[in-house]
Amino acid sequence: MKNLKLIQLFGIMLIAMAFACAPKYFGKTYSATQNVDIYMDAADVKKPYTTMGSSSFDEGFKGLDATQQKVIEMGRQQGADGVIMKLTEEVIATNSSGTTVVTKKTKNDIITGGSTTTNVKKNKITATFIKYN
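In every chain, residue numbers begin from 1 and rise along the written sequence. Only residues with pLDDT of at least 70 get local features here, since the model is predicted, and only at 80 or more are side-chain atom pairs given and counted; chain-wide, interface and lining totals rely on the full set of residues. Hydrogens and water molecules were not included; the side-chain quantities draw on all heavy atoms of the structure.

Peer 1: What's the story with the side chain of S55 in this structure? I'm lost.
Peer 2: For the purposes of this entry, the term helix denotes a DSSP run of H or I that reaches at least four residues, the term strand denotes a run of E that reaches at least two, and both are numbered from the N terminus. Locating S55 in the fold gives a position in strand 3 (residues 49–58). Whenever two N or O atoms come within 3.5 Å, that pair is a polar contact, provided that in protein one can donate a hydrogen and the other can accept it, and provided that, for residues adjacent in sequence, both atoms are side-chain atoms. Polar side-chain contacts of S55 include one of 2.7 Å to the backbone oxygen of K24. The contact definition used throughout considers only heavy atoms, calling two residues in contact when any of these lie within 4.5 Å. Those residues in contact with S55, other than ones at most four positions away along the chain, are P23, K24, Y25, M74, I125, T126, A127 and F129.

Okay, structure coming up:
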């Protein structure tokens, strides 16, 4: 029963991801660039810059490396000189199951039980595109 619910949840997630729209860019656009510097934190950027826009990318089934390449390509297309990426993990569903066993004794009942809670998580990359001053 638990496995069936998990399979159903996974199927719903597959369908939702198949129909999900491509990542949307919000911000300014400049002439395309060839090189996009990658940063994991804004404090790592040593040059003065302005923020030109942002986007969010869900990992999907291709993995984090493929998603990172998509971020870089979007940066090139939008004319970014650099991109600051932040990886977050988001809980999108929780699956709980439990069982209880009652054993009759002569005077006392013994009750044993347990429950399992599983979080379904997905990775998300938030990209902030920057232009050097």
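Peer 1: Sorry, what's going on with the environment of S55 here?
Peer 2: Owing to a relative accessible area of 5%, S55 belongs among the buried residues under this scheme. In this structure the C-alpha to C-alpha distance between S55 and G75, which are 20 residues apart in sequence, comes to 9.9 Å. For every residue, the accessible area (1.4 Å probe, protein chains only) is compared with the maximum for its type, and the residue is labelled buried under 20%, exposed over 50%, or partly exposed between those bounds.

Peer 1: Explanation requested: helix 2 (residues 63–78) in the structure shown.
Peer 2: Think of an α-helix as turning once every 3.6 residues; residues three or four places apart then point the same way. For a helix, the expected span equals 1.5 Å multiplied by the number of residues minus one. For helix 2, with 16 residues, the first-to-last C-alpha span of 23 Å sits near the 22 Å given by 1.5 Å per residue. For helix 2, the full list of buried residues reads G63, T67, V71, I72, M74, G75 and Q78. After helix 2 finishes, the residue G79 shows a positive phi value of roughly 85 degrees.

Peer 1: What exactly am I supposed to notice about the nonpolar core here?
Peer 2: Most often, soluble globular proteins keep nonpolar side chains buried together rather than apart. As used in this record, nonpolar core signifies buried Ala, Val, Leu, Ile, Met, Phe, Trp, Tyr and Cys residues forming a set joined through side-chain atoms within 4.5 Å. If you look at the biggest cluster of nonpolar residues, it comprises 13 residues, and the most contacted ones within it are F57, V71, V83, A127 and F129. Every element with two or more residues in this core is listed here: strand 3, helix 2, strand 4 (82–104) and strand 5 (109–132). What V71 contacts, discounting residues up to four positions off in sequence, is F57, V83, M85, I125, A127 and F129. Core analysis: the second largest hydrophobic core is formed by five residues, Y39, V45, I84 and Y132 among them.

Peer 1: I tried to follow the confidence of the model for the protein chain on my own but got confused; where do I start?
Peer 2: In low-pLDDT regions, the fine details of the predicted coordinates are not to be read closely. A residue's pLDDT is the confidence the predictor assigns to it, expressed on a 0 to 100 scale. Here the protein chain averages 81 in pLDDT, while 69% of its residues score no lower than 70. The secondary structure element of the protein chain with the lowest average pLDDT is helix 1 (residues 2–18), at 62, and the one with the highest is strand 2 (residues 37–39), at 97.

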